[in-house]
Amino acid sequence: MTPASIGVVFFVIMIVLIFLKVPVFLSMLMCSVAGMLFVVKPAMLLTQFTQGPFSTAASYTYALLPLFAFMGVLLDKTGIAEGTFTATQKWLGGRRGGMLSTVVVANTIFGACSGNPTAGCVVFSRMALPSLDREGYDRSNALACIATSASLSSLIPPSTCILICCMLTDLSISRGLMSGLGGGILLTILLLICIKITALLTDKIPPAEKQKISWSERLKSLRLLIPILVLFLIIIVGAYAGFFTATVGGAIGAACVTIYAVFFKRMKLKDVFMCAVESIVLNSNMFALLLAGTMFGRFVTLTRLPDMLIGLISRLNAPSVVIFSLVVLFYFVAGAIMDIVSCMLITVPIIYPIMISMGFDPYAILIFLVVMINLGSISPPIGMGVFVSAQAVGVDPKVIFKGIWPYCLVNIACAYLIAYVPQIVNFLPNILS
């Protein structure tokens, strides 16, 4: 068997193991070890498994990931997230679908400091659902909108998903994060359009609220946005002014929110410590997956599987849009069997070279992959974003999956636009550079 064939065989074995409920990180590690035994000598295998896990565990960038989660938890506990939601509601409320539009825009602003879609799911499911129920919104559609808009944290910098994908593809983290801003703005606009169309074509969105909001109330509400906007400016301006690297943004943001919590909100150190514990729990399974994903990526590289797939695609002579559509379909199915981080670590090293070989822009494909991974987080039957939202408010995930399909289509439309109109994601980085 050729090395590429061995790569295919063990990739299939890994998927089968995942279907059999074997933990994802164990499936990746076992297939990496067994597969490398067929590709390299035992001494080389020992070298790979000595250096790979150490270099990953000792990575300065990976050490910052829990800090992004810590920052997101503190944004919730200090009331910054609630203030963002309230201020947005003052501006977008009073119209049909205004509450759902508030959820989307507030998640966009929240994502500018959180970088963690899980935090967005938990915070806005608990915060927004009571108001949505009170106004008569269809619960299935409302929770589906919350779960989908929480994924904006994966696109708006600082984003942990973009950070990991940049490391997997050797792209600039700073440019990748700013490319995500264009993708996040596009997805926000598409979600707002989806809400408007849903209001026009269905009865899932009630008539506009009768309460009138004065301009003085709207202007006063802007002060609630000051903490989160200041935090965003510190992270983004500081990174691009050269005061610190983009990867340190999470640490700087976490430090700033901690200072705000202790000295301005008078939060007890005990409560700050509990926020740290909660963020550790949110990230408890990530490092095992990162270590296993690193080794599986090395195995895939050794087998030259991406090169084989690129050659196979070039011989098909199929239009790029056909192959692109197959990749979209692949991610929709992949999201049904694995979580976000696993999907990212397993597929990006294989899919990214294929898309680049077809002539797509590297940073457009980077953001396309993040959007597709987000699609997996809401696609049935095991979209993790849906399960997180369902658990946060104690509902059956089937209720959310029932209303998720329009938002799946929104993500797919966003992916096509980003890939075929790369200026959407490259506009801001080109200006800043």
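Look up a bit, the structure's there.
Residues numbered from 1 in each chain as written. Predicted model: local features only at pLDDT ≥ 70, side-chain atom pairs only at ≥ 80, totals over all residues. Heavy atoms only, no water.

### Quick word on a nonpolar patch on the surface
To keep it simple, the criterion reads: In this analysis, a patch consists of residues with relative accessible area above 30% that form no salt bridge, clustered at 9 Å for like charges and at 5 Å for the nonpolar side chains Val, Leu, Ile, Met, Phe, Trp and Tyr. In short, Shrake-Rupley with a 1.4 Å probe defines the accessible areas, and a residue's cover is counted only from the protein chains shown. Each salt bridge in this description consists of a side-chain nitrogen of Lys or Arg and a carboxyl oxygen of Asp or Glu lying within 4 Å of one another. Here a strand is any run of E in DSSP of at least two residues, a helix any run of H or I of at least four, and the numbering for each starts at the N terminus.
Together, V321, V322, L326, L329, V333, L417, Y420 and V421 give the surface a local cluster of nonpolar side chains, amounting to about 650 Å² of exposed area. At five residues, helix α18 (residues 320–334) tops the list of elements feeding residues into the nonpolar patch. When you line up the elements, L417 lands in helix α23 (residues 405–420).

### What to know about the nonpolar core
So the rule is basically this: Nonpolar core, defined: a set of buried Ala, Val, Leu, Ile, Met, Phe, Trp, Tyr and Cys residues in which side-chain atoms within 4.5 Å join the residues together. The buried label goes to any residue with under 20% of its type's maximum accessible area, the exposed label to any with over 50%, and the partly exposed label to all in between, with areas taken from a 1.4 Å probe on protein chains only. Should any heavy atoms of two residues lie within 4.5 Å, those residues are considered in contact.
Within the largest apolar cluster, 125 residues are counted, with the highest numbers of intra-cluster contacts made by L100, L132, Y331 and F368. Tallying contributions element by element places helix α20 (residues 362–378) first for this core, with 13 residues. When neighbours within four sequence positions are excluded, Y331 is seen to be in contact with C343, T347, V348, I351, L369, M372, I373 and G376.

### Here's the deal with the packing of aromatic side chains
Condition: When the centres of two rings from Phe, Tyr and Trp lie within 6.5 Å, Trp using its six-membered ring, the rings pair. Their planes under 30 degrees apart give stacked, over 60 give edge-to-face, and anything left gives tilted.
By the definition in use, this model includes 14 aromatic pairs. Ring centres 5.7 Å apart and planes at 45° place the aromatic pair F10 and F38 in the tilted group. One end of the pair, F10, is in helix α1 (residues 3–19); the other, F38, is in helix α2 (residues 24–39), with 28 residues separating them in the sequence. F10 sits in the buried class, given a relative accessible area of 11%.

### Comments concerning the environment of P353
Along the chain, P353 turns up in helix α19 (residues 340–357). Spatially, the C-alpha atom of P353 lies 30 Å from that of F244, the residues being 109 residues apart in sequence.

None of the figures reported here should be taken as evidence of function without further support.
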